[in-house]
Amino acid sequence: MEIIITILCVILYSVLHEMKRPFGVIFDTTTGEYIDSATIILINAKTNTEVSRTISSMSGRYAFFVPKGDYRIQVERTHFSFIPRWNLHTMIYGANYRGEVIHRYRDSVISVPIAMTQTGQDWNHTNKLATGKNTAGRTLLFRKLCLFFALLTVIGSISLAVDGFSYLDIILCAVSVGWWGLFLFEHLPVIGQIRFKNGKPTPGYIDVVGYNGILIKRIPTTDRGRYWSLIPSGVYTLYIYAKSLGANNPTLLKSIPNVECRRGILNKVFFV
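Worth saying up front: this structure is predicted, and the values here are computed from it rather than measured. (Residues numbered from 1 in each chain as written. Predicted model: local features only at pLDDT ≥ 70, side-chain atom pairs only at ≥ 80, totals over all residues. Heavy atoms only, no water.)

Chemist: What exactly am I supposed to notice about the overall build of the chain here?
Modeler: Along the chain, the regular secondary structure elements total five helices and 19 strands. Split into buried and exposed, the 272 residues of the chain put 42% on the buried side. Excluding contacts between residues fewer than 6 apart, the proportion of contacts in the chain whose partners are at least 24 apart in sequence is 68%. For the chain, the exposed area adds up to about 15,200 Å²; of that, 61% sits on carbon and sulfur atoms. (Helix = DSSP H or I, 4+ residues; strand = E, 2+ residues; numbered from the N terminus. Buried < 20%, exposed > 50% of the residue type's maximum accessible area, 1.4 Å probe, protein only. Contact = heavy atoms within 4.5 Å. Areas by Shrake-Rupley, 256 points an atom, 1.4 Å probe, with all protein chains shown as cover.)

Chemist: Can you walk me through the pairing of strand E1 (residues 24-28) in this structure?
Modeler: Along a regular strand, successive side chains alternate from one face of the sheet to the other. Burial within E1 is extensive, with five of its five residues counted as buried. Alternating positions in E1 separate into two faces, Gly24, Ile26 and Asp28 on one and Val25 and Phe27 on the other, with burial throughout. Examined bridge by bridge, E1 and strand E4 (residues 61-62) share two bridges and lie antiparallel to one another. Bridging across to E4, glycine 24 finds its partner in tyrosine 62. Two elements, E1 and strand E10 (residues 114-118), share three bridges in a ladder whose sense is parallel. (Pairing = 2+ DSSP bridges.)

Chemist: Honestly, the pattern of salt bridges in this entry has me stumped. Any pointers?
Modeler: Counting across every chain of the model gives four salt bridges. The partner of aspartate 107 in a salt bridge is arginine 224, with the nearest N and O atoms 3.1 Å apart. Of this pair, aspartate 107 sits in the loop between strand E8 (102-104) and strand E9 (108-110) while arginine 224 sits in the loop between strand E13 (215-220) and strand E14 (226-227), and the two are 117 residues apart along the sequence. Here the salt bridges do not stand alone but share partners, grouping Asp107, Arg224 and Arg226 into one network. (Salt bridge = Lys/Arg side-chain N within 4 Å of Asp/Glu carboxyl O.)

Chemist: I tried to follow the sheet that holds strand E11 (residues 192-195) on my own but got confused; where do I start?
Modeler: Two strands in a sheet stick together by hydrogen bonds in their backbones, pointing the same way (parallel) or opposite ways (antiparallel). Taken in spatial order, the three strands make up an open sheet running E14-E11-E19, and their pairing is mixed. Looking at strand neighbours, the two that pair on one side only are E14 and strand E19 (269-271), the edges of this open sheet. Pairing geometry for E11 and E19, over three bridges, is parallel. Residue pairing in the sheet places arginine 195 in a bridge with phenylalanine 271 of E19.

Chemist: Explanation requested: the sheet that holds strand E3 (residues 49-55) in the structure shown.
Modeler: In spatial order, the strands read E3-E2-E6-E8; together these four strands make up an open sheet with antiparallel pairing. Edge strands, defined here as strands with exactly one partner in the open sheet, are E3 and E8. Along the sheet, successive strands turn relative to each other by an average axial angle of 30 degrees, direction set aside. Pairing between strand E6 (residues 69-76) and E8: three bridges, direction antiparallel. Note on E8: the bridge partner recorded for glycine 69 is arginine 104. (Axes fitted to C-alpha atoms, helices over the stretch in contact; angles between N-to-C directions.)

Chemist: Is there a simple way to explain the side chain of threonine 202 in this structure?
Modeler: Within the fold, threonine 202 resides in the loop between E11 and strand E12 (204-209). On the basis of relative accessibility, which here comes to 8%, the residue threonine 202 falls in the buried class. Setting aside its immediate chain neighbours within four residues, threonine 202 contacts Ile194, Arg195, Phe196, Thr221, Gly225 and Val272.

Chemist: Hey, could you run me through the packing of aromatic side chains in this one?
Modeler: Pairs of aromatic rings are described using the distance from one ring centre to the other and the angle between the two planes. If you walk through the whole model with that rule in mind, you get four aromatic pairs. Between tyrosine 62 and phenylalanine 64, the aromatic rings sit 5.9 Å apart at their centres with planes inclined by 65 degrees, giving edge-to-face as the arrangement. According to the relative accessible area criterion, tyrosine 62 is buried, its value standing at 1%. With a centroid separation of 6.0 Å and 10 degrees between ring planes, the pair formed by phenylalanine 82 and tyrosine 97 is classed as stacked. Taken together, the residues phenylalanine 82 in the loop between strand E7 (80-81) and helix H2 (90-93) and tyrosine 97 in the loop between H2 and E8 connect sequence positions 15 residues apart. (Phe/Tyr/Trp six-rings, centres within 6.5 Å; stacked < 30°, edge-to-face > 60°.)

Worth remembering: the numbers are spatial, not functional.
Put into structure tokens, the structure is as follows:
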């Protein structure tokens, strides 16, 4: 039985290590650092029409929550160009996007890493490098810690198989379980939804408005009312509209003030 547990731990690590975060990153092919303020455009591969667009955050993050279909991505940034090719930073970000069609067979998040090559002097990006904010280095450290605690899990299981329980085994297992819980919390996206009070989902869109009344982001939902979006951490007022009524005659279903977004992700369930 203990040998089976050890094998399952190895398989678990192999699967989880390849899991992508619920957000993609735009990064520099030369330095590996995040690129902010890049425009990411989602294209329907069959109709060649724009589906949605967003701008990468200060940490280079972006994401699209989409229904099933085939998609491509275009990315634009001043003084940078998108060149679909292999790069040296796959240890940090995983395999980067190279212009291929992205297939989605159900409602899910598109969050592939995208590499860009600097073509001119960008003072904002240069200043970020000069301040020593090695965000890519922290990402690599997180991956190494995942490997370390995965090895602890395997060692603890092998020790159980050979010697039975000991205090060291209990400590190793407790620490490993806690770390894997954190890993799953950071990597598994929890999908939000708009529902009627009777529990039935409804399609629509959400306007995220800041404290000064400025529209931060408009988030469309799928036909089942599902959504998921990256927004800056803060407190917002949300306006939920019916999707089927069109932009010329929107009907406000509900306004929700003082909605706090702590982790930069909006994925709550709202009843209207």
